[in-house]
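Structure at a glance
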Amino acid sequence: MEVRTRFAPSPTGYMHLGNLRTALYTYLWARRNNGKFILRIEDTDQVREVAGAVDVIYNSLRTAGLEHDEGPDVGGDYGPYVQSERKAMYLPYAKQLVEKGCAYYCFCTPERLEEARQEAEKNGGTFKYDKHCLHLSKEEVQAKLDAGEPYVIRQNVPTTGKASFDDVIYGHIEVDCDTLDDQVLIKADGLPTYNFANVIDDHTMGITHVMRGNEYLSSAPKYNLLYEAFGWEPPKYVHLTPVMCRDFQRDENGGYVLDENGEKIGITRKMSKRKGDPSFEDLLSQGYLVDAVINYMVLLGWSPRGEEEFFSLDELKKIFDLEGLSKSPSIFDMQKMNWFNAEYIRRLSDEEFYEKALPWIAQAVDPAKFDTRRIAALLKDRTEYFADIPPKIGFLARMPEYDIALYTHKKMKTDSAVSLEILTAVRPFLAGIADWTEQELHDRVMEWIPSTGMKNGTVLWPLRIAVSGLANTPGGAFEILYLLGKEESLRRIDEAIAKLQA
RNA sequence: GCCUCCAUGGUCAAGAGGCCUAAGACGUCGCCCUCUCACGGCGAAAACAGCGGUUCGAAUCCGCUUGGAGGUGCCA
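Here the structure is a predicted model, which is why all the values come from computation and not from measurement.

**What about the sheet that holds strand β12 (residues 330–331)?**
One open sheet accounts for three strands, arranged β11-β10-β12; its pairing is mixed. A strand with exactly one partner marks an edge of an open sheet, and here the two such strands are β11 (266–270) and β12. Of the pairings in the sheet, the one linking strand β10 (residues 243–248) to β11 comprises five bridges and is antiparallel in character. The residue of β11 that forms the bridge with Cys245 is Arg269.

**A look at the packing of helix α17 (residues 456–468) against helix α18 (residues 477–484)**
Look at α17 against α18: their axes get within 9 Å of each other, and the N-to-C directions meet at 35°. Here α17 runs over α18; the crossing is left-handed. Contacts from Leu460, Leu463, Arg464, Val467 and Ser468 in α17 reach Ala477, Phe478, Ile480, Leu481 and Leu484 in α18. Residues belonging to the contact of α17 with α18 are distributed by class as follows: eight nonpolar, one polar and one charged.

**Side note on the sheet that holds strand β3 (residues 103–106)**
Spatially, three strands are ordered β3-β4-β7 in an open sheet, and the strand pairing comes out antiparallel. Looking at which strands have only one partner, the edges of the open sheet turn out to be β3 and β7 (184–186). If you compare each strand with its neighbour and ignore which way they point, the axes differ by 40° on average. Each of β3, β4 (152–155) and β7 is contacted by helix α3 (residues 87–100), which is oriented at about 110° to β3, the strand it contacts most.

**Here's the deal with the layout of surface pockets**
Its boundaries defined by the atoms lining it, the second largest pocket holds a volume of some 340 Å³. Around the second largest pocket sit 17 residues that line it, and Cys108, Thr109, Pro110, Leu113 and Val152 are the ones nearest its centre. Elements supplying a minimum of two residues to the lining of the second largest pocket: α4 (110–122) and β4. A total of four residues in the lining of the second largest pocket trace back to one element, the largest contributor, which is α4.

**Observations regarding the protein's contact with RNA strand B**
Around RNA strand B sit 67 residues in total, of which Thr44, Arg117, Thr126, Asp381 and Arg382 are the nearest. For RNA strand B, the backbone makes up 71% of the atoms found within 4 Å of the protein, where backbone means sugar plus phosphate. Contact distances for RNA strand B include 3.5 Å between a sugar or linking oxygen and a side-chain N or O atom of Ser10. Note that a phosphate oxygen of RNA strand B is positioned 2.7 Å from one of the backbone N or O atoms of Gly301. Only α4, β6 (171–176), α6 (194–204), β11, β12, α11 (334–346), α17 and α18 provide two or more residues apiece to the surface near RNA strand B. Here the element with the most residues in the surface near RNA strand B is α17; it accounts for five residues. In the surface near RNA strand B, the residues fall into 26 nonpolar, 23 polar and 18 charged.

Analysis parameters
- Along each chain, the written sequence defines residue order, and numbers are assigned to residues from 1.
- The lettering of chains begins at A and the numbering of ligands begins at 1, in the order of writing.
- The predicted nature of this model means local features are confined to residues of pLDDT at least 70 and side-chain atom pairs, given and counted, to a pLDDT of 80 or more, with totals for whole chains, interfaces and linings taken over all residues.
- Only hydrogens and water are set aside when side-chain values are computed; all heavy atoms of the structure are taken into account.
- Should DSSP find at least two bridges between two strands, the strands are taken to pair.
- The way it works is that DSSP assigns letters per residue, a run of H or I at least four long becomes a helix, a run of E at least two long becomes a strand, and they are numbered from the N terminus.
- Helix axes are fitted to C-alpha atoms over the stretch in contact, other axes to C-alpha atoms as well, and angles between N-to-C directions run from 0 to 180 degrees.
- Should the near helix be turned anticlockwise from the far one by less than a right angle, the crossing is left-handed, and should it be turned clockwise, the crossing is right-handed.
- By definition in these notes, contact holds between two residues if any of their heavy atoms fall within 4.5 Å.
- Under the convention adopted here, Pro, Cys and the residues Ala, Val, Leu, Ile, Met, Phe, Trp and Tyr are nonpolar, Asp, Glu, Lys and Arg are charged, and Gly plus all remaining residues are polar.
- Here a cavity is any set of points on a 1 Å grid over the protein atoms alone where a 1.4 Å probe fits but cannot get out, and a pocket is any open set with protein on both sides within 12 Å along at least 5 of 7 lines; a residue lines the site when it has an atom within 4 Å of a point.
- Grid points are joined across faces, edges and corners, and a volume is the space filled by probe spheres set on the points.
- Note on terminology: near, applied to a residue and a molecule or strand, indicates that one of the residue's heavy atoms is within 4 Å of it.
- We call two N or O atoms a polar contact when they sit within 3.5 Å, provided that within protein one can donate a hydrogen and the other can accept it, with sequence-adjacent residues counted only if both atoms are side-chain atoms.

As structure tokens, this is what we get:
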């Protein structure tokens, strides 16, 4: 049988990394089996609708390279692929269940339910609908329907026995029916709840593997009851763990709360846009590479067979399996994300890197005035993500304020006095260099240093500080002198001399 | 509270009763390279949550405890 998987996001306006990973796994499983990957939009919650949110989904999937075979935009034989457009499909199915006694009309008001819920909570228990409306006679129900009373349709869960299902990752899961609530299938607005729609849609779309977040694990037995009621073969279930975030506990003032050992107290929480955790779009706009994000995300909760950890999407399509999927939540680690990205950046060709880096370089310096190719070359091994480029090279455009304490460096054997001496000596020497290329600067200065009786670092450290004002720079003294040009370099050295004399 | 699931270093994770004196990667620390930083090279510290069982033998199987995640919505 052909494998058919589906990614069924609700349009929220951005792509969570957890969702992206779900989409990725779902896509890979379909491709691995030469099956179909279907996109379905779950927009039955009209209250939370976000304008333009569907486009975000299309864009994210396209950017990530997860192309779907069927979906609202590309069509397919199992449409429509937007739940709100399937509205008319659900009620007849629900009525079928009512006929079979597996569901029933309920006319209880939200107020009555809310009251009962609070009552249950007060007593420390779980609210369960009391099947109040199950006992309405056929005539009573018809009368209320005729009178136009608002209603919902609820699943009639057995009060005894067990409900169960099998998950590919978790195995057989079984619960007592009496812990299950008579969940709403059709809402008062006529739209199905997720709980109902997913069953109908997955079945009518011929989905063979339902891969989705762990949050559905505890309701899956109820879904299976529905499949049974219809007499349908349930799909294979694959429940995926959530992607979490590691944080530290803070007090009201934003300071860290410490435990008795003076250690920060770690807390894990689900990733959330509100807490400032990055979405897929956020990462891309910070200059993360799609391939790096995909590569990192695929390994967060799944492990391949061997030691290799670099994979392209094409490779993943061949090797992805369900066995390697993890059972426990994984924490998104920004540091490893950064390492992957830096690694992907280093693997770019110089030309590719240059093209991608140029816009970011241009944010900090005027490309007309600098050798941007040389800057890019210096940056390639030092860039974790593109947004960290501008702060690294801003000093080229404008000499930063700095403290003369920077001239003191023990290992380089320099301090302010030595630096002043060196700068004063090297200034006229540099002024005499006509051919201001990096090679020439390097060769001439290196030739000259022995005559001073000092070691390389003792001369080059102050020189680099004088022209950069920074403790760390991409590239050393020669690179910076070259990039700045003769005039600007000499000007900065003059300023440094003045500063040291003051 | 109740229900379900999960539990190997700070993080991602390998591990299917003897191959475990527990792999690899990120991070951390040290050394080397070196005009700084980065890259690169070498090395180190760092884990089977606890307690009971089963077994000749347990990270691996079972139970309890603890911890974590999810559910408990006319959200998905």
